[in-house]
Amino acid sequence: MCFSTVTAALLPVTDVLTADWPVKVGDTGLDFNPSSVMAAPGDTLTFQFVAKNHSVTQSTFTAPCTPMNATSIDSGFMPISDPGQVLNFTVTVNNTNPVWFYCKQVLNGVSHCESGMVFALNPTANKTISTAELGHHC
């Protein structure tokens, strides 16, 4: 009679569940769709540029239409020349702090940000897109 011995090493398995949050940029005009996301550390935001020439530029709640600083997140302009073309820009979420983004494009004297093209990552109850002072600090 033959017996075989099988030894299995049980290693701890850690399931780290992360999500990718797609955000369409310029899909139906001067907008981010959705306009906000509640994401966890390790999640990613994939900004999908689908029309015209927009950016994803990090700002602050108190100055939503101004770059946060010289080293903040900025996709640069992402021009779309062909219908159906999509350019992606991915940002990894590091923590649950609120982060603000806007489109820095100005066309014919009209600021996309002042027209409402803003996005909030992890907004709070007191700091939402509707309470950001778009026309006052831009």
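See the structure shown above.
For the structure given in this document, a descriptive report is provided here. Position numbers for residues count from 1 along each chain, tracking the sequence in the order it is written. Under the rules for a predicted model, residues below a pLDDT of 70 receive no local features and side-chain atom pairs below 80 are neither given nor counted, while totals for whole chains, interfaces and linings still include all residues. As a convention, hydrogens and water are excluded, and side-chain values are obtained from all of the structure's heavy atoms.

**Focus: the side chain of Ser-75**
The condition is simple: Secondary structure follows DSSP: runs of H or I at least 4 residues long count as helices, runs of E at least 2 residues long count as strands, and numbering of each begins at the N terminus. Contacts: residue pairs with any heavy atoms within 4.5 Å of one another.
Relative to the elements of secondary structure, Ser-75 occurs in the loop between β6 (57–59) and β7 (78–79). Setting aside residues up to four positions removed in sequence, Ser-75 forms contacts with Phe-49, Ser-55, Val-56 and Phe-89.

**Re the sheet that holds strand β4 (residues 44–49)**
Either a parallel or an antiparallel arrangement is found when strands of a sheet pair, and the pairing is made through backbone hydrogen bonds. We apply this condition: Strand pairing is assigned whenever DSSP detects at least two bridges linking the two strands.
The 4 strands are arranged β2-β1-β4-β8 in an open sheet whose pairing can be described as mixed. In the strand order of this sheet, the two ends are held by β2 (32–33) and β8 (87–92), each with one partner. By the bridge criterion, 2 bridges tie strand β1 (residues 20–25) to β2 in an arrangement that is antiparallel. The residue bridging Val-25 from the neighbouring strand is Phe-32, located in β2.

**Here's the deal with the pairing of strand β12 (residues 118–121)**
Stated precisely, the cut-off is as follows: Type-normalised accessible area, obtained with a 1.4 Å probe on protein chains alone, sets the label of each residue: buried when under 20%, exposed when over 50%, and partly exposed for intermediate values.
Burial of β12 is two-sided: the residues Val-118 and Ala-120 facing one way and the residues Phe-119 and Leu-121 facing the other way are all buried. As paired strands, strand β3 (residues 36–37) and β12 are joined by 2 bridges and run parallel to one another. Bridged to Val-37 within β12 is Leu-121. The sheet contact formed by strand β9 (residues 99–102) and β12 spans 4 bridges and is antiparallel. Bridge pairing links Tyr-102 to Val-118 in β12.

**Considerations on the pattern of salt bridges**
Keep this limit in mind: A pair is scored as a salt bridge if a Lys or Arg side-chain nitrogen falls within 4 Å of a carboxyl oxygen belonging to Asp or Glu.
Considering all chains together, one arrives at 1 salt bridge under this definition. Residue Asp-74 pairs with Lys-104 through a salt bridge whose shortest N-O separation is 2.7 Å. On the criterion of sequence distance, the pair formed by Asp-74 in the loop between β6 and β7 and Lys-104 in the loop between β9 and β10 (106–107) is long-range, its members being 30 residues apart.

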